[in-house]
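Here is what each chain is made of, one letter per residue.
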Amino acid sequence: MAEYDLTTKIAHFLDRHLVFPLLEFLSVKEIYNEKELLQGKLDLLSDTNMVDFAMDVYKNLYPDKEILHSLRDKRSSVVAQLKQLQLETEPIVKMFEDPETTRQMQSTRDGRMLFDYLSEKHSFRQEYLDTLSVSSPLQSLQQRTWLIHWSLFVFFNHPKGRDNILDLFLYQPQYLNAIQTMCPHILRYLTTAVITNKDVRKRRQVLKDLVKVIQQESYTYKDPITEFVECLYVNFDFDSAQKKLRECEAVLVNDFFLVACLEDFIENARLFIFETFCRIHQCISISMLADKLNMSPEEAERWIVNLIRNARLDAKIDSKLGHVVMGNNAVSPYQQVIEKTKSLSFRSQMLAMNMEKRVAHSSRTETPNWAAQDSGFC
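Given the structure is predicted, the values throughout are model-derived calculations rather than measurements. (Residues numbered from 1 in each chain as written. Predicted model: local features only at pLDDT ≥ 70, side-chain atom pairs only at ≥ 80, totals over all residues. Heavy atoms only, no water.)

Enquirer: I'm lost on the overall build of the protein chain in this one. Help?
Expert: Check the secondary structure of the protein chain and you find 20 helices and three strands. Expressed as a percentage of the 378 residues in the protein chain, the buried residues total 37%. By sequence separation, contacts in the protein chain at least 24 residues apart represent 59% of the contacts at least 6 residues apart. Of the accessible surface of the protein chain, which amounts to about 23700 Å², a share of 53% is contributed by carbon and sulfur atoms. (Helix = DSSP H or I, 4+ residues; strand = E, 2+ residues; numbered from the N terminus. Buried < 20%, exposed > 50% of the residue type's maximum accessible area, 1.4 Å probe, protein only. Contact = heavy atoms within 4.5 Å. Areas by Shrake-Rupley, 256 points an atom, 1.4 Å probe, with all protein chains shown as cover.)

Enquirer: Please clarify how the pattern of salt bridges should be interpreted in this entry.
Expert: Side chains that carry opposite charge are capable of pairing whenever their charged atoms lie near each other. Taken as a whole, this structure holds nine salt bridges when the rule is applied. Of the charged contacts in the structure, one is a salt bridge between E90 and K94, with a shortest N-O distance of 3.2 Å. On the criterion of helical spacing, the pair formed by E90 and K94 is a turn pair, its members being four residues apart in helix α5 (residues 69-97). On the basis of relative accessibility, which here comes to 34%, the residue E90 falls in the partly exposed class. Counted as one network, the salt bridges with shared partners bring together R188, D223 and D255. (Salt bridge = Lys/Arg side-chain N within 4 Å of Asp/Glu carboxyl O.)

Enquirer: So what exactly am I meant to see when it comes to unusual backbone geometry here?
Expert: Glycine aside, residues mostly have negative phi angles, and peptide bonds mostly take the trans form. At E30, a residue that is not glycine, the phi angle is positive and equals roughly 55°. Structurally, E30 is set in the loop between α2 (16-29) and α3 (34-45). The phi angle at F236 is positive, at roughly 50°, despite the residue not being glycine. Owing to a relative accessible area of 46%, F236 belongs among the partly exposed residues under this scheme.

Enquirer: Would you mind going over the packing of aromatic side chains with me for this structure?
Expert: Each aromatic ring pair is summarised here by two numbers: the centre-to-centre distance and the angle between the ring planes. In the structure shown here, the tally under the stated rule is 14 aromatic pairs. Each ring, one from F153 and one from F257, has its centre 5.0 Å from the other, and the planes form 80°; the classification is edge-to-face. One end of the pair, F153, is in helix α8 (residues 137-155); the other, F257, is in the loop between α14 (238-253) and α15 (262-280), with 104 residues separating them in the sequence. Residue classification places F257 among the buried positions, given a relative accessible area of 5%. Taken together, F25, F153, F156, Y189, F256 and F257 form an aromatic cluster joined through their ring pairs. (Phe/Tyr/Trp six-rings, centres within 6.5 Å; stacked < 30°, edge-to-face > 60°.)

Shown next, in the form of C-alpha coordinates:
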(Lines give C-alpha, C1' and ligand atoms only; values in the text may rest on other atoms or scores of the structure.)
Protein backbone atom coordinates (compact mmCIF):
# COMPACT_ATOMS: atom_id res chain seq x y z
CA MET A 1 0.00 0.00 0.00
CA ALA A 2 2.77 2.43 -0.91
CA GLU A 3 0.11 4.44 -2.75
CA TYR A 4 -1.30 5.73 0.55
CA ASP A 5 1.98 6.03 2.46
CA LEU A 6 2.38 9.57 3.86
CA THR A 7 5.98 9.27 5.06
CA THR A 8 7.33 11.45 2.25
CA LYS A 9 4.80 14.22 2.93
CA ILE A 10 5.17 14.07 6.71
CA ALA A 11 8.99 14.00 6.63
CA HIS A 12 9.07 17.54 5.19
CA PHE A 13 7.76 18.84 8.54
CA LEU A 14 9.83 16.71 10.93
CA ASP A 15 13.35 17.01 12.28
CA ARG A 16 15.68 14.37 10.89
CA HIS A 17 15.82 12.32 14.08
CA LEU A 18 12.01 12.04 14.08
CA VAL A 19 12.00 10.54 10.58
CA PHE A 20 14.06 7.48 11.56
CA PRO A 21 11.26 5.71 13.53
CA LEU A 22 9.05 6.06 10.45
CA LEU A 23 11.73 4.51 8.22
CA GLU A 24 12.26 1.67 10.69
CA PHE A 25 8.52 0.99 10.62
CA LEU A 26 8.49 0.91 6.80
CA SER A 27 11.42 -1.49 6.87
CA VAL A 28 9.45 -3.92 9.05
CA LYS A 29 6.37 -3.62 6.83
CA GLU A 30 8.49 -4.32 3.71
CA ILE A 31 6.56 -1.77 1.64
CA TYR A 32 9.72 -0.52 -0.07
CA ASN A 33 13.01 -2.05 -1.13
CA GLU A 34 15.24 -2.56 1.91
CA LYS A 35 18.40 -1.23 0.23
CA GLU A 36 16.57 1.93 -0.85
CA LEU A 37 15.43 2.51 2.73
CA LEU A 38 18.97 2.00 4.06
CA GLN A 39 20.31 4.44 1.47
CA GLY A 40 17.61 6.92 2.51
CA LYS A 41 18.69 6.60 6.15
CA LEU A 42 22.31 7.14 5.19
CA ASP A 43 21.43 10.26 3.20
CA LEU A 44 19.47 11.62 6.16
CA LEU A 45 22.37 10.96 8.52
CA SER A 46 24.95 12.58 6.26
CA ASP A 47 24.24 16.11 7.57
CA THR A 48 23.81 15.14 11.22
CA ASN A 49 26.17 14.39 14.09
CA MET A 50 24.71 10.88 14.60
CA VAL A 51 27.92 9.32 13.35
CA ASP A 52 27.68 6.00 15.22
CA PHE A 53 24.22 5.42 13.77
CA ALA A 54 25.53 6.29 10.31
CA MET A 55 28.31 3.72 10.70
CA ASP A 56 25.80 0.99 11.62
CA VAL A 57 23.62 1.82 8.61
CA TYR A 58 26.68 1.85 6.35
CA LYS A 59 27.66 -1.63 7.58
CA ASN A 60 24.18 -2.97 6.84
CA LEU A 61 24.12 -1.36 3.40
CA TYR A 62 27.67 -2.35 2.43
CA PRO A 63 28.61 -5.39 4.55
CA ASP A 64 31.68 -6.15 2.40
CA LYS A 65 33.22 -2.67 2.67
CA GLU A 66 35.15 -0.96 5.45
CA ILE A 67 33.83 2.10 7.23
CA LEU A 68 34.71 5.30 5.37
CA HIS A 69 37.60 7.35 6.79
CA SER A 70 35.43 10.46 6.48
CA LEU A 71 32.98 8.98 8.99
CA ARG A 72 35.76 8.12 11.45
CA ASP A 73 37.23 11.64 11.16
CA LYS A 74 33.78 13.19 11.59
CA ARG A 75 33.23 11.17 14.76
CA SER A 76 36.35 12.66 16.36
CA SER A 77 35.29 16.21 15.51
CA VAL A 78 31.74 15.58 16.79
CA VAL A 79 33.03 14.30 20.14
CA ALA A 80 35.28 17.36 20.49
CA GLN A 81 32.40 19.69 19.62
CA LEU A 82 30.14 17.94 22.15
CA LYS A 83 32.66 18.48 24.95
CA GLN A 84 33.03 22.15 24.00
CA LEU A 85 29.25 22.71 24.01
CA GLN A 86 28.93 20.98 27.37
CA LEU A 87 31.42 23.44 28.84
CA GLU A 88 29.63 26.45 27.34
CA THR A 89 26.17 25.39 28.53
CA GLU A 90 27.26 24.19 31.97
CA PRO A 91 26.15 27.42 33.79
CA ILE A 92 22.64 27.23 32.30
CA VAL A 93 22.32 23.50 32.99
CA LYS A 94 23.37 23.97 36.64
CA MET A 95 20.91 26.85 36.97
CA PHE A 96 17.95 24.70 35.93
CA GLU A 97 19.13 21.74 38.00
CA ASP A 98 18.97 23.86 41.14
CA PRO A 99 15.76 22.89 43.07
CA GLU A 100 15.39 26.42 44.48
CA THR A 101 15.50 27.91 40.97
CA THR A 102 12.91 25.43 39.73
CA ARG A 103 10.61 26.27 42.65
CA GLN A 104 11.07 29.99 42.05
CA MET A 105 10.23 29.64 38.35
CA GLN A 106 7.07 27.68 39.11
CA SER A 107 5.83 30.10 41.76
CA THR A 108 6.77 33.44 40.17
CA ARG A 109 4.28 34.92 37.73
CA ASP A 110 6.06 38.28 37.26
CA GLY A 111 8.60 37.97 34.42
CA ARG A 112 10.65 40.95 35.63
CA MET A 113 11.00 39.51 39.14
CA LEU A 114 12.02 36.14 37.74
CA PHE A 115 14.62 37.74 35.48
CA ASP A 116 16.05 39.72 38.43
CA TYR A 117 16.19 36.56 40.55
CA LEU A 118 18.03 34.59 37.84
CA SER A 119 20.42 37.50 37.23
CA GLU A 120 21.27 37.79 40.92
CA LYS A 121 21.59 34.11 41.76
CA HIS A 122 22.93 32.65 38.49
CA SER A 123 24.33 35.61 36.49
CA PHE A 124 21.58 35.21 33.90
CA ARG A 125 22.19 37.65 31.03
CA GLN A 126 19.96 39.50 28.59
CA GLU A 127 21.85 37.91 25.67
CA TYR A 128 20.18 34.60 26.45
CA LEU A 129 16.86 36.16 25.44
CA ASP A 130 18.03 38.09 22.40
CA THR A 131 17.52 35.13 20.08
CA LEU A 132 13.76 35.24 20.75
CA SER A 133 11.86 37.25 18.15
CA VAL A 134 8.29 37.93 17.12
CA SER A 135 7.18 35.75 14.21
CA SER A 136 5.50 37.05 11.07
CA PRO A 137 2.09 35.57 10.07
CA LEU A 138 3.83 33.34 7.50
CA GLN A 139 6.34 32.09 10.08
CA SER A 140 3.52 31.43 12.53
CA LEU A 141 1.71 29.36 9.89
CA GLN A 142 4.87 27.34 9.20
CA GLN A 143 5.54 26.81 12.90
CA ARG A 144 2.00 25.59 13.49
CA THR A 145 2.37 23.17 10.60
CA TRP A 146 5.54 21.73 12.12
CA LEU A 147 3.89 21.53 15.54
CA ILE A 148 0.91 19.68 14.04
CA HIS A 149 3.21 16.98 12.68
CA TRP A 150 5.33 16.72 15.83
CA SER A 151 2.18 16.37 17.94
CA LEU A 152 1.19 13.16 16.14
CA PHE A 153 3.85 11.34 18.18
CA VAL A 154 2.06 12.48 21.36
CA PHE A 155 -1.61 12.34 20.43
CA PHE A 156 -1.57 8.73 19.27
CA ASN A 157 0.45 7.52 22.28
CA HIS A 158 -1.44 9.31 25.07
CA PRO A 159 -4.64 8.07 26.80
CA LYS A 160 -6.47 11.34 26.12
CA GLY A 161 -4.68 12.10 22.88
CA ARG A 162 -7.65 11.39 20.62
CA ASP A 163 -9.74 13.94 22.55
CA ASN A 164 -7.02 16.57 22.58
CA ILE A 165 -6.29 16.26 18.87
CA LEU A 166 -9.92 17.15 18.11
CA ASP A 167 -9.87 20.18 20.39
CA LEU A 168 -6.66 21.45 18.83
CA PHE A 169 -6.96 20.53 15.13
CA LEU A 170 -10.70 20.86 14.54
CA TYR A 171 -11.81 23.59 16.95
CA GLN A 172 -8.84 25.94 16.96
CA PRO A 173 -9.27 28.03 13.78
CA GLN A 174 -5.57 28.83 13.38
CA TYR A 175 -4.63 25.14 13.38
CA LEU A 176 -7.50 24.09 11.15
CA ASN A 177 -6.43 26.83 8.75
CA ALA A 178 -2.85 25.48 8.81
CA ILE A 179 -4.13 21.98 7.97
CA GLN A 180 -6.29 23.21 5.10
CA THR A 181 -3.53 25.46 3.72
CA MET A 182 -0.32 23.50 4.27
CA CYS A 183 -1.06 19.86 5.12
CA PRO A 184 -4.52 18.50 4.20
CA HIS A 185 -3.10 14.95 4.59
CA ILE A 186 -3.47 15.46 8.37
CA LEU A 187 -7.20 14.91 7.78
CA ARG A 188 -6.41 11.17 7.83
CA TYR A 189 -5.33 11.42 11.48
CA LEU A 190 -8.12 13.79 12.43
CA THR A 191 -10.72 11.45 10.88
CA THR A 192 -9.25 8.42 12.63
CA ALA A 193 -9.30 10.26 15.96
CA VAL A 194 -13.01 11.03 15.48
CA ILE A 195 -13.95 7.48 14.47
CA THR A 196 -12.01 5.86 17.32
CA ASN A 197 -13.15 8.35 19.97
CA LYS A 198 -14.74 6.53 22.92
CA ASP A 199 -17.17 9.30 23.85
CA VAL A 200 -20.24 8.42 21.74
CA ARG A 201 -22.03 11.76 22.18
CA LYS A 202 -18.95 13.80 21.41
CA ARG A 203 -18.20 11.59 18.42
CA ARG A 204 -21.61 12.21 16.88
CA GLN A 205 -21.38 15.97 17.37
CA VAL A 206 -17.83 16.19 16.04
CA LEU A 207 -18.69 14.09 12.98
CA LYS A 208 -20.90 16.88 11.61
CA ASP A 209 -18.03 19.38 11.74
CA LEU A 210 -15.54 16.85 10.35
CA VAL A 211 -17.73 16.01 7.35
CA LYS A 212 -17.84 19.71 6.39
CA VAL A 213 -14.04 19.93 6.43
CA ILE A 214 -13.61 16.69 4.46
CA GLN A 215 -16.02 17.95 1.80
CA GLN A 216 -14.20 21.26 1.57
CA GLU A 217 -10.80 19.61 1.12
CA SER A 218 -11.86 16.60 -0.99
CA TYR A 219 -10.36 18.20 -4.10
CA THR A 220 -6.91 18.49 -2.48
CA TYR A 221 -6.69 15.27 -0.45
CA LYS A 222 -8.45 11.89 -0.39
CA ASP A 223 -7.64 8.49 1.02
CA PRO A 224 -9.79 5.46 1.99
CA ILE A 225 -10.29 6.81 5.53
CA THR A 226 -11.69 10.20 4.50
CA GLU A 227 -13.59 8.61 1.61
CA PHE A 228 -15.22 6.15 4.02
CA VAL A 229 -16.74 9.07 5.96
CA GLU A 230 -17.76 10.79 2.73
CA CYS A 231 -19.43 7.65 1.34
CA LEU A 232 -21.32 7.05 4.57
CA TYR A 233 -22.40 10.53 5.65
CA VAL A 234 -22.52 12.50 2.38
CA ASN A 235 -23.47 9.98 -0.31
CA PHE A 236 -25.12 7.38 1.97
CA ASP A 237 -23.58 4.74 -0.28
CA PHE A 238 -23.29 1.67 1.96
CA ASP A 239 -21.70 -0.57 -0.67
CA SER A 240 -18.91 1.96 -1.33
CA ALA A 241 -18.47 2.50 2.42
CA GLN A 242 -17.99 -1.25 2.86
CA LYS A 243 -15.32 -1.33 0.12
CA LYS A 244 -13.54 1.67 1.62
CA LEU A 245 -13.58 0.02 5.05
CA ARG A 246 -11.61 -2.91 3.63
CA GLU A 247 -9.09 -0.48 2.14
CA CYS A 248 -8.94 1.41 5.45
CA GLU A 249 -7.67 -1.73 7.16
CA ALA A 250 -4.68 -1.91 4.80
CA VAL A 251 -3.98 1.82 5.25
CA LEU A 252 -4.07 1.62 9.06
CA VAL A 253 -1.80 -1.43 9.21
CA ASN A 254 0.87 0.40 7.22
CA ASP A 255 0.66 3.76 9.00
CA PHE A 256 3.20 4.35 11.78
CA PHE A 257 0.84 6.47 13.90
CA LEU A 258 -2.41 4.57 13.31
CA VAL A 259 -1.44 0.90 13.43
CA ALA A 260 -2.46 0.68 17.10
CA CYS A 261 -5.92 2.09 16.30
CA LEU A 262 -6.87 -0.73 13.91
CA GLU A 263 -9.25 -2.70 16.16
CA ASP A 264 -11.01 0.40 17.53
CA PHE A 265 -11.35 1.83 14.03
CA ILE A 266 -12.90 -1.30 12.49
CA GLU A 267 -15.26 -1.78 15.45
CA ASN A 268 -16.49 1.82 15.46
CA ALA A 269 -16.66 2.03 11.66
CA ARG A 270 -18.96 -0.98 11.60
CA LEU A 271 -21.05 0.69 14.29
CA PHE A 272 -21.28 3.85 12.16
CA ILE A 273 -22.49 1.83 9.16
CA PHE A 274 -24.98 0.02 11.36
CA GLU A 275 -26.32 3.20 13.01
CA THR A 276 -26.73 4.99 9.70
CA PHE A 277 -28.42 1.95 8.16
CA CYS A 278 -30.79 1.67 11.12
CA ARG A 279 -31.94 5.27 10.75
CA ILE A 280 -33.32 4.38 7.34
CA HIS A 281 -34.81 0.93 8.09
CA GLN A 282 -37.12 -0.30 10.83
CA CYS A 283 -36.61 -4.03 10.22
CA ILE A 284 -33.27 -5.36 8.94
CA SER A 285 -32.21 -8.80 7.72
CA ILE A 286 -29.18 -10.05 9.67
CA SER A 287 -27.71 -11.70 6.55
CA MET A 288 -27.96 -8.42 4.60
CA LEU A 289 -26.49 -6.51 7.53
CA ALA A 290 -23.62 -9.01 7.77
CA ASP A 291 -22.85 -8.36 4.11
CA LYS A 292 -22.79 -4.60 4.71
CA LEU A 293 -20.47 -5.01 7.70
CA ASN A 294 -18.17 -7.51 5.97
CA MET A 295 -18.98 -10.20 8.57
CA SER A 296 -20.55 -13.67 8.59
CA PRO A 297 -24.24 -13.85 9.71
CA GLU A 298 -23.21 -15.59 12.96
CA GLU A 299 -20.59 -12.93 13.74
CA ALA A 300 -23.06 -10.16 12.91
CA GLU A 301 -25.72 -11.62 15.22
CA ARG A 302 -23.23 -11.95 18.11
CA TRP A 303 -22.03 -8.41 17.47
CA ILE A 304 -25.59 -7.01 17.58
CA VAL A 305 -26.37 -8.99 20.75
CA ASN A 306 -23.32 -7.43 22.44
CA LEU A 307 -24.49 -3.96 21.39
CA ILE A 308 -27.92 -4.58 22.91
CA ARG A 309 -26.36 -5.95 26.13
CA ASN A 310 -24.12 -2.91 26.48
CA ALA A 311 -27.17 -0.60 26.09
CA ARG A 312 -25.71 0.93 22.92
CA LEU A 313 -28.64 -0.21 20.80
CA ASP A 314 -32.42 -0.15 21.27
CA ALA A 315 -33.42 -3.21 19.23
CA LYS A 316 -34.69 -6.80 19.38
CA ILE A 317 -33.57 -9.87 17.44
CA ASP A 318 -36.09 -12.22 15.81
CA SER A 319 -34.00 -15.40 15.56
CA LYS A 320 -36.66 -17.34 13.62
CA LEU A 321 -36.92 -14.81 10.81
CA GLY A 322 -33.31 -13.67 11.14
CA HIS A 323 -34.31 -10.02 11.54
CA VAL A 324 -33.29 -7.10 13.75
CA VAL A 325 -36.30 -4.99 14.77
CA MET A 326 -35.35 -1.45 15.72
CA GLY A 327 -36.88 0.35 18.71
CA ASN A 328 -38.13 3.91 18.83
CA ASN A 329 -35.08 6.19 19.09
CA ALA A 330 -36.90 9.52 19.02
CA VAL A 331 -34.79 12.24 20.62
CA SER A 332 -36.55 14.22 23.32
CA PRO A 333 -36.93 18.01 22.86
CA TYR A 334 -34.67 18.58 25.88
CA GLN A 335 -31.87 16.51 24.31
CA GLN A 336 -32.29 18.39 21.03
CA VAL A 337 -31.86 21.71 22.85
CA ILE A 338 -28.74 20.39 24.62
CA GLU A 339 -27.19 19.18 21.35
CA LYS A 340 -27.89 22.44 19.52
CA THR A 341 -26.54 24.67 22.29
CA LYS A 342 -23.49 22.53 23.10
CA SER A 343 -21.14 24.54 20.88
CA LEU A 344 -22.42 27.96 22.01
CA SER A 345 -19.84 28.29 24.78
CA PHE A 346 -16.97 27.69 22.36
CA ARG A 347 -18.42 30.11 19.81
CA SER A 348 -18.96 32.73 22.51
CA GLN A 349 -15.36 32.35 23.63
CA MET A 350 -14.06 32.79 20.08
CA LEU A 351 -16.30 35.85 19.61
CA ALA A 352 -15.00 37.40 22.83
CA MET A 353 -11.39 36.75 21.77
CA ASN A 354 -11.99 38.36 18.36
CA MET A 355 -13.61 41.39 20.01
CA GLU A 356 -10.65 41.79 22.35
CA LYS A 357 -8.25 41.63 19.39
CA ARG A 358 -10.24 44.28 17.53
CA VAL A 359 -10.34 46.58 20.57
CA ALA A 360 -6.60 46.13 21.16
CA HIS A 361 -5.85 46.79 17.50
CA SER A 362 -8.01 49.93 17.39
CA SER A 363 -6.38 51.29 20.56
CA ARG A 364 -2.92 50.92 18.98
CA THR A 365 -3.96 52.66 15.77
CA GLU A 366 -2.80 56.26 15.58
CA THR A 367 -5.35 59.06 15.33
CA PRO A 368 -5.95 59.99 11.64
CA ASN A 369 -4.62 63.33 10.44
CA TRP A 370 -8.07 64.62 9.62
CA ALA A 371 -9.23 63.95 13.19
CA ALA A 372 -6.25 65.68 14.73
CA GLN A 373 -6.67 68.88 12.73
CA ASP A 374 -8.54 71.87 14.10
CA SER A 375 -12.02 71.78 12.58
CA GLY A 376 -12.41 75.57 12.84
CA PHE A 377 -15.49 75.40 15.03
CA CYS A 378 -15.50 77.10 18.40
